[in-house]
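Residue-level listing of the chains:
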Amino acid sequence: MGREEAMASTGYVPAYACWLAYIIAAASVALCFVVPAFAEPWHNGLLAICIATCVIYAFSFTYSNTSIYDPAWCLLPIFVAVGWMCTAQSSPSARGWYALALFLAWFLRYSLWWPWEGWTSGIRTEDWRYVDLAAKLGGTGFLYWLLSLVSLHLTPSLLVFF
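Quick look at the structure, then. As the structure is a computational prediction, the values presented were derived from the model and not from experiment. (Residues numbered from 1 in each chain as written. Predicted model: local features only at pLDDT ≥ 70, side-chain atom pairs only at ≥ 80, totals over all residues. Heavy atoms only, no water.)

### A short note on the layout of surface pockets
Rules: Of the two site types, the cavity is a set of points on a 1 Å grid over the protein atoms alone where a 1.4 Å probe fits but cannot get out, and the pocket is an open set with protein on both sides within 12 Å along at least five of seven lines, each lined by residues with an atom within 4 Å of a point. Grid points are joined across faces, edges and corners, and a volume is the space filled by probe spheres set on the points. Where helices and strands are cited, they refer to DSSP runs of H or I of at least four residues and of E of at least two residues respectively, numbered from the N terminus. Amino acid classes used here: Ala, Val, Leu, Ile, Met, Phe, Trp, Tyr, Cys and Pro are nonpolar; Asp, Glu, Lys and Arg are charged; the rest, including Gly, are polar.
Here the largest pocket is characterised by a volume of approximately 390 Å³. Secondary structure elements with two or more residues in the lining of the largest pocket: α2 (41-63), α3 (72-87), α4 (94-113) and α6 (142-161). When its residues are assigned to classes, the lining of the largest pocket shows 15 nonpolar, 2 polar and 1 charged.

Written out as structure tokens, the structure reads:
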């Protein structure tokens, strides 16, 4: 996706695990809309994106590779937008369909410009910034994974959501 590196603790994530992470993330988003925890759809969307991000984080932690999160920037907003559209009390407006089309165009542009090898051959490396952060923290211990959850997973998801 960019400058990729591997550190001693970088784990290999097979392609099936990359697919599984995003299938489960999409299913968790769907569940948040099918069985809403809140009356307000906006709150259900926020919950959905947070749970989906935590699902992806669980795969990152399990396989010791934070780069499994990389496609989430584009995919999670699409999952949430579809959830909102499918559970809306009225039919989605033309504006809603245009917004979804723009999300899809954004995802396609991103995917074509920077194809993610996770879908086809798995991932063996991580974004150089993750490697740099781990080096500054003295390795991939508790502090790294805590910062990975908060700064490298949840914060980008919330930035995209808001």
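### With respect to the nonpolar core
Stated formally: Here, nonpolar core refers to any group of buried Ala, Val, Leu, Ile, Met, Phe, Trp, Tyr and Cys residues whose side-chain atoms link them within 4.5 Å. The cut-offs for exposure are 20% and 50% of the maximum accessible area for each residue type, with area from a 1.4 Å probe on protein chains only; residues under the lower value are buried, those over the upper are exposed, and the others partly exposed. In this description, contact between two residues means that some pair of their heavy atoms is separated by no more than 4.5 Å.
Residues Tyr-22, Val-29, Ile-56, Ile-68, Leu-76 and Val-80 are the most contacted members of the largest nonpolar core, which totals 32 residues. Looking at this core, the elements with two or more residues in it are α1 (15-34), α2, α3 and α4. It is α3 that provides the largest number of residues to this core, a total of 9 residues. Excluding residues within four positions of it along the chain, Val-80 makes contact with Val-29, Phe-33, Gly-45, Ala-48, Ile-49 and Phe-161.

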